[in-house]
Number of protein chains: 2
Amino acid sequence: MSHRAMEGTGCSVERTLSLIDGKWKIVVLYKLLRGTLRFNELRRLIPAVTQRMLTHQLRELEADGLITRTVYAQVPPRVEYALSPRGWSLEPVILALKHWGDANLSSSEAKAA
Amino acid sequence: MSHRAMEGTGCSVERTLSLIDGKWKIVVLYKLLRGTLRFNELRRLIPAVTQRMLTHQLRELEADGLITRTVYAQVPPRVEYALSPRGWSLEPVILALKHWGDANLSSSEAKAA
DNA sequence: GCCCATAGTGTCAAAAAGGATACCGTGATG
DNA sequence: CATCACGGTATCCTTTTTGACACTATGGGC
């Protein structure tokens, strides 16, 4: 049973985690806490993510109702990602994770958000 | 790069998440919030986990300094798991996850922790 | 005519995570 | 003498996740 497949199962903690698992999701959400971003802006902010993975994670976040995806019919294309209300409601969780990390992973780059 | 392998990389949020990824870790930590538990007590509290997986996750939690493992030289063996101070410091994070889940995953069993 | 940028998709393969099952040693219990 | 409970290991296999890489459409600039 994958994290994805177990929506509808288990306790609330597990199910919440399943929404933000995946290697890049919380980073994406975290970046979006500062405001709307375009696809390539996210790519530049998270250099280690591949295009395919970013697309993938964004689609899942969208499917889970945590972000909104707005496509502007332009050339070149313009697609903006922003937190949905449900995504915003995760802010305390994301910040709790971040604060713990800042306080407890005391190596140099741990604080370089 | 695995979640494990990336300790020492990335932002604090990611690194924090890498400590509690794995399918059962937060459940284990959550159960331990109520107090020390033995191996088979955990198994009974989390029926879906296999012995191998539980061992695995407990070892990683121990390696990350989040729980303590105490072996009593008895027969039959007696091994107790408890949160370490570092593990206790995660309480707000775990509870943030749980509260969000309770509030936002409003299906019947979401609240059955 | 060619290249650039944007925001992707598709295919393939590797790596990692997870699960099933069987096994171990010991002492008490039946 | 066989069985049980405890807390695991070891091995094998499947599923899931992630990564590399190539490819697409369109319009504008050179």
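Read on for a plain summary of the structure. Computed from a predicted model, the values in this text were never measured in an experiment. (Residues numbered from 1 in each chain as written. Chains lettered and ligands numbered in written order. Predicted model: local features only at pLDDT ≥ 70, side-chain atom pairs only at ≥ 80, totals over all residues. Heavy atoms only, no water.)

## Things to note about the protein's contact with DNA strand C
Move 1: Taken together, 22 residues form the shell around DNA strand C, and within it Gln51, Arg59, Arg69 and Tyr81 of chain A together with Arg52 of chain B come nearest.
Move 2: Here the atoms of DNA strand C within 4 Å of the protein split so that 66% fall in sugar or phosphate, with bases taking the remainder.
Move 3: In this structure, arginine 59 of chain A approaches DNA strand C through a side-chain N or O atom, which is 2.7 Å from a phosphate oxygen.
Move 4: Ranked by residues supplied to the surface near DNA strand C, first place goes to helix H4 (residues 51–63) of chain A with four residues. (Near = heavy atom within 4 Å. Polar contact = N/O pair within 3.5 Å; in protein donor to acceptor, adjacent residues only side chain to side chain. Helix = DSSP H or I, 4+ residues; strand = E, 2+ residues; numbered from the N terminus.)

## Describing the packing of helix H2 (residues 25–32) of chain A against helix H6 (residues 91–104) of chain A
Residue and element names in this part refer to chain A.
Move 1: Remark: H2 packs on H6, axes separated minimally by 10 Å, with the N-to-C direction vectors making an angle of 105°. Considered as vectors, H2 and H6 are oriented roughly perpendicular to each other. Contacts between H2 and H6 involve Ile26, Leu29 and Tyr30 from the former and Ile94, Leu95, Leu97 and Lys98 from the latter.
Move 2: Of the residues contributing to the contact of H2 with H6, the split by class is six nonpolar, no polar and one charged. (Axes fitted to C-alpha atoms, helices over the stretch in contact; angles between N-to-C directions. Parallel < 35°, antiparallel > 145°, perpendicular 65-115°, else oblique. Contact = heavy atoms within 4.5 Å. Nonpolar A, V, L, I, M, F, W, Y, C, P; charged D, E, K, R; others polar.)

## A few points about the nonpolar core
Move 1: Core analysis: the biggest nonpolar cluster contains 66 residues, and Leu29 and Leu97 of chain A together with Leu29 and Leu97 of chain B have the highest contact counts within it.
Move 2: Apart from the residues lying within four places of it in its own chain, the contact partners of leucine 29 of chain B are Ile20, Leu61, Leu66, Ile67, Leu83, Leu90 and Ile94 of chain B. (Core = buried A, V, L, I, M, F, W, Y, C linked by side-chain atoms within 4.5 Å. Buried < 20%, exposed > 50% of the residue type's maximum accessible area, 1.4 Å probe, protein only.)

## A few points about the sheet that holds strand E2 (residues 67–72) of chain A
Residue and element names in this part refer to chain A.
Move 1: One open sheet accounts for three strands, arranged E1-E3-E2; its pairing is antiparallel. Only two strands of the sheet have a single partner each, and these edge strands are strand E1 (37–38) and E2.
Move 2: In this sheet, strand E3 (residues 78–83) lies alongside E2 in antiparallel orientation, the contact comprising six bridges. The residue bridging isoleucine 67 from the neighbouring strand is leucine 83, located in E3.
Move 3: The sheet contacts of H2 involve E1, E2 and E3, and relative to E3 the element is tilted by about 90°.
Move 4: Here H4 sits on the sheet in contact with E2 and E3, set at roughly 115° to E2. (Pairing = 2+ DSSP bridges.)

## Describing the protein's contact with DNA strand D
Move 1: Residues in close proximity to DNA strand D total 23 residues, the closest being Arg52 of chain A together with Gln51, Arg59, Arg69 and Tyr81 of chain B.
Move 2: Those atoms of DNA strand D that come within 4 Å of the protein belong to sugar or phosphate at a rate of 64%.
Move 3: Here a sugar or linking oxygen of DNA strand D and a backbone polar atom of proline 77 of chain B are 2.9 Å apart.
Move 4: Looking at the surface near DNA strand D, the elements with two or more residues in it are H4 of chain A together with helix H3 (39–45), helix H4 (51–63) and strand E3 (78–83) of chain B.

## Considering the packing of aromatic side chains
Move 1: This structure, assessed with the given rule, holds zero aromatic pairs over all chains.
Move 2: Sitting over the ring of tyrosine 72 of chain A, arginine 78 of chain A keeps its end group 5.3 Å from the ring centre. (Phe/Tyr/Trp six-rings, centres within 6.5 Å; stacked < 30°, edge-to-face > 60°. Lys NZ or Arg CZ within 6 Å of the ring centre and 35° of its normal.)

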